[in-house]
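Here are the chains, one letter per residue:
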Amino acid sequence: MRKNLLFLMKSLREYKRPSILTPVTIIGEVVMEVAIPYVMAILIDRGIEAGNMNMIVKLGIVLLIMAFISLFFGALAGRLAAVASAGFAKNLRQDMYYRVQNFSFSNIDRFSTASIITRLTTDVTNVQNAYQMAIRTLARSPIMMIAALVLSFTINARLAVIFVIVMPIVLFALLGLATVVHPLFERVFKTYDRLNEVTQENLHGIRVVKSFRREYYEIGKFGKISETIYQYFMRAERLIAINFPVMMLAIYGCIIAVAWFGAKTIIASGGIAGAGGLTTGQLMSLFTYALQILDRKSV
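Caption draft 1: Spotlight on the overall build of the chain. Each helix and strand in the chain was counted, giving 10 helices and 0 strands. For the chain, the N- to C-terminal ordering of α and β elements is α-α-α-α-α-α-α-α-α-α. Against the 2.2 N^0.38 benchmark of 19 Å for 299 residues, the chain shows a C-alpha radius of gyration of 26 Å, more extended than a compact globule. With the principal axes as the frame, the chain shows a C-alpha extent of 90 × 40 × 35 Å. Counting the 299 residues in the chain, one finds 34% classified as buried. By sequence separation, contacts in the chain at least 24 residues apart represent 81% of the contacts at least 6 residues apart. In the form shown here, the chain has an accessible surface area of approximately 18,300 Å², with 68% of it arising from carbon and sulfur atoms. Here the chain carries 31 positive and 17 negative side-chain charges, and the mean point of each set is 3 Å from the other.

Caption draft 2: Local environment of the packing of helix α9 (residues 243–269) against helix α10 (residues 280–294). Where α9 meets α10, the axes come as close as 10 Å, and the angle between the chain directions of the two elements is 160°. Taken together, α9 and α10 sit at an angle that is classed as roughly antiparallel. Between α9 and α10 the crossing geometry is right-handed. Counted together, Met 247, Ala 250, Ile 251, Cys 254, Ile 255, Val 258, Ala 259, Gly 262 and Ile 266 of α9 and Thr 280, Leu 283, Leu 286, Phe 287, Ala 290, Leu 291 and Leu 294 of α10 form the full contact between these two elements.

Caption draft 3: View of the side chain of Glu 218. Note on placement: Glu 218 falls in helix α8 (residues 215–240). Among the residues examined, Glu 218 registers a relative accessible area of 14% and is labelled buried. The residues touching Glu 218, leaving out its near neighbours within four places in the chain, are Asn 202 and Val 209.

Caption draft 4: Representation of the pattern of salt bridges. If you walk through the whole model with that rule in mind, you get 7 salt bridges. Among the salt bridges present, the one from Glu 14 reaches Lys 90, with a minimum N-O distance of 3.7 Å. Of this pair, Glu 14 sits in the loop between α1 (2–9) and α2 (16–48) while Lys 90 sits in helix α3 (residues 53–101), and the two are 76 residues apart along the sequence. With a relative accessible area of 47%, Glu 14 lands in the partly exposed category.

Caption draft 5: Structural detail: the nonpolar core. Core analysis: the biggest nonpolar cluster contains 29 residues, and Phe 163 and Leu 294 have the highest contact counts within it. Going through the elements one at a time, α2, α5 (113–155), α6 (157–204), α9 and α10 are the ones with two or more residues in this core. Here this core takes 8 residues from α9, the largest share from any one element.

Caption draft 6: Structural detail: the packing of α3 against α5. The geometry of α3 relative to α5 is characterised by a closest axis approach of 9 Å and an angle of 150° between their N-to-C directions. Comparing their axes, α5 and α3 come out roughly antiparallel. Judged by the sense of rotation from one axis to the other, the crossing of α3 with α5 is right-handed. Its residues placed into classes, the contact of α3 with α5 shows 17 nonpolar, 6 polar and 3 charged.

Caption draft 7: Quick look at unusual backbone geometry. Phi is positive for Arg 13, which is not a glycine, with a value near 45°. Relative to the elements of secondary structure, Arg 13 occurs in the loop between α1 and α2.

Caption draft 8: Examining α10 more closely. Between its first and last C-alpha, α10 extends 22 Å over 15 residues, near the 21 Å set by a 1.5 Å rise per residue. Buried within α10 are the following residues: Gly 281, Gln 282, Leu 283, Ser 285, Leu 286, Tyr 289, Ala 290, Gln 292, Ile 293 and Leu 294. Those residues of α10 that are buried lie in contact with α2, α5, α6 and α9.

Parameters and conventions
- Residues numbered from 1 in each chain as written.
- Predicted model: local features only at pLDDT ≥ 70, side-chain atom pairs only at ≥ 80, totals over all residues.
- Heavy atoms only, no water.
- Helix = DSSP H or I, 4+ residues; strand = E, 2+ residues; numbered from the N terminus.
- Rg over C-alpha atoms; globule rule 2.2 N^0.38 Å.
- Buried < 20%, exposed > 50% of the residue type's maximum accessible area, 1.4 Å probe, protein only.
- Contact = heavy atoms within 4.5 Å.
- Areas by Shrake-Rupley, 256 points an atom, 1.4 Å probe, with all protein chains shown as cover.
- Lys, Arg positive; Asp, Glu negative; His and termini not counted.
- Charge placed at Lys NZ, Arg CZ, Asp CG, Glu CD.
- Axes fitted to C-alpha atoms, helices over the stretch in contact; angles between N-to-C directions.
- Parallel < 35°, antiparallel > 145°, perpendicular 65-115°, else oblique.
- Left-handed = near helix turned anticlockwise from the far one by under 90°.
- Salt bridge = Lys/Arg side-chain N within 4 Å of Asp/Glu carboxyl O.
- Core = buried A, V, L, I, M, F, W, Y, C linked by side-chain atoms within 4.5 Å.
- Nonpolar A, V, L, I, M, F, W, Y, C, P; charged D, E, K, R; others polar.
- Expected span 1.5 Å × (residues − 1).

If you want it as structure tokens, here you go:
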């Protein structure tokens, strides 16, 4: 596996720089996103509840600047990730094409034309999408989760324990779902070879098909293989759809638990922070951190 990844990374070449800069810009975006709820808590507690208009204006300007910085880093990260992944796919497709030109006769007999076409088109596109997700999501998710979790413990350790309890449950649920869905997608990609083969045979032998009036037979053959791909995709997508209610159950379950115990903590402490106490602004920031920690892009 490691050797295969290192072999693929050789196709990066001139796109190494945007590949490295993408996680760097994402870190800047995540830092701003995590810091905004923390500043919002201060704004509510020291500005709105205290009726301090001067503090509201100052922190409002700070929040506006942080939002623009987050937007800038997010847009830059998206552009860099698109350039890096598209360039990587371009080089990979070119390298594969040159490799096919140098195939020995034994390799030509081993790999069908339909299989090679699938490798150069669909598979390269899937690798491109996977690489773009890797340099964005794999950089964003752990940083977002850890930073939001640390700030949650800074605000109130007792309520932050709720996130620690729910996170493994969500993780095991998603891993179990991925284990079930993965074989279905493997079957889909293998069936693509057969689909390309049927299409190629029909195009190459179109004169023979018309001469012997085999159009309906070819249409039926193509329809059968298309139906197979459809069924596999339907099964996979139905299973993936379970992901959404699982995440929503975890997120809103956390929010309800935080709201329930947080309200009791505010009443008990009189809305004073520190020593296990909690303020209204801090409770609202915990709601935001619940979304950041358990969101699908952050898990």
